[in-house]
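Residue-level structure breakdown
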Amino acid sequence: NDSRILKMMGDVYVRADDCRKAVDAYTDAMKLGMETAELHASLGLALESIGMNRMALDNYRLASEKCPQNTEYRLNIAELEAKVGHDDAAESILGSILAIDPHNVRALRLYVSICCRKNDSEAVLALFDDILSAVDDDDDVRFFESSLRELGEDVKADRIAAKQTS
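Below is a summary of the structure that appears in this document.

Quick notes on the rules
- Residues numbered from 1 in each chain as written.
- Predicted model: local features only at pLDDT ≥ 70, side-chain atom pairs only at ≥ 80, totals over all residues.
- Heavy atoms only, no water.
- Helix = DSSP H or I, 4+ residues; strand = E, 2+ residues; numbered from the N terminus.
- Buried < 20%, exposed > 50% of the residue type's maximum accessible area, 1.4 Å probe, protein only.
- Contact = heavy atoms within 4.5 Å.
- Areas by Shrake-Rupley, 256 points an atom, 1.4 Å probe, with all protein chains shown as cover.
- Axes fitted to C-alpha atoms, helices over the stretch in contact; angles between N-to-C directions.
- Parallel < 35°, antiparallel > 145°, perpendicular 65-115°, else oblique.
- Left-handed = near helix turned anticlockwise from the far one by under 90°.
- Salt bridge = Lys/Arg side-chain N within 4 Å of Asp/Glu carboxyl O.
- Phe/Tyr/Trp six-rings, centres within 6.5 Å; stacked < 30°, edge-to-face > 60°.
- Lys NZ or Arg CZ within 6 Å of the ring centre and 35° of its normal.
- Core = buried A, V, L, I, M, F, W, Y, C linked by side-chain atoms within 4.5 Å.

1. Quick look at the overall build of the protein chain
Of the regular secondary structure elements, the protein chain holds eleven helices and zero strands. Element order for the protein chain, N to C, with α for helix and β for strand: α-α-α-α-α-α-α-α-α-α-α. Reported as C-alpha extents along the three principal axes, the dimensions of the protein chain are approximately 55 × 35 × 25 Å. Taking all 166 residues of the protein chain together, 45% fall into the buried category. Summarising the internal contacts of the protein chain: among those between residues at least 6 apart in sequence, 47% fall at separations of at least 24. Working note: accessible area of the protein chain is about 8,800 Å², and carbon and sulfur atoms make up 49% of it.

The structure is reproduced here in structure tokens:
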């Protein structure tokens, strides 16, 4: 199937860091009738990489609509919303994700980043037990520790730091 070949070519272009050619390949695959959630997500990532954020969001949303149970697609939307300064929209999406998957580290990291920008330690503390349970990677430990210190929560930061293995 030509559309599958074009999708694979787009993936190769992304890995080669040629996202403009990837966008072309993904778009051509869609013109041939391929309309999968994965293709929309891939096109969204390529579009975001070349700064076409509005079109990227549209494709992330289409991917999420086609596959609503896929948390990664919704996280793509939340990350881009936060990146362009739409923290409330990102928080809303993150709230729905964390209600279902409270230990999703990617969602927790983004939520904590937004809370730090807002200097909202209360919101972070409300998720502290979930953060403590979810964190098992030293990079995540350092991220959450520094975020808590930034919010003036040194005692909680020390508890997170104790999970660091190296």
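Now that the structure has been shown, we can carry on.
2. A look at the packing of helix H1 (residues 2-15) against helix H3 (residues 37-49)
Across the interface, H1 lies against H3 with an axial gap of 11 Å and an inter-helix angle of 30°. The angle between H1 and H3 places the two elements in the roughly parallel class. In this structure, the crossing between H1 and H3 has a hand that is left-handed. Here H1 contributes Lys7, Asp11 and Val14 to the contact with H3, which in turn contributes Glu38, Leu39, Ser42 and Ala46.

3. Description of the pattern of salt bridges
Pairing of side chains with opposite charge becomes possible as their charged atoms draw close. For the structure on display, the rule yields 16 salt bridges. For Glu48, the salt bridge is made with Lys83, and the minimal N-O distance between the two is 3.3 Å. One end of the pair, Glu48, is in helix H3; the other, Lys83, is in helix H5 (residues 71-83), with 35 residues separating them in the sequence. Across the salt bridge formed by Arg106 and Glu72, the nearest N and O atoms sit 2.2 Å from each other. Here Arg106 is found in helix H7 (residues 105-118), whereas its partner Glu72 is found in helix H5, with 34 residues between them in sequence. A cluster of three or more residues bridged by salt bridges with shared partners is formed by Glu145, Arg149, Asp154 and Asp158.

4. Quick look at the side chain of Ser3
Looking at the secondary structure, you find Ser3 in helix H1. Overall, Ser3 belongs to the buried group, its relative accessible area being 5%.

5. Considerations on the packing of aromatic side chains
Under the criterion given, the structure shown has one aromatic pair. Ring centres of Phe143 and Phe144 lie 5.0 Å apart, and the angle between their planes is 80°; this geometry places the pair in the edge-to-face category. Each member of the pair, Phe143 together with Phe144, is buried. The positively charged end of Lys156 is found above the aromatic ring belonging to Phe128, 4.7 Å away from the centroid.

6. Structural notes on the nonpolar core
Within the largest apolar cluster, 49 residues are counted, with the highest numbers of intra-cluster contacts made by Leu94, Ile131, Phe144 and Ile160. For Ile131, the contacting residues outside a window of four places in its chain are Leu108, Val112, Val124, Phe144 and Ile160. If you look at the next biggest cluster of nonpolar residues, it comprises five residues, including Ala37, Ala63, Cys67 and Tyr73.

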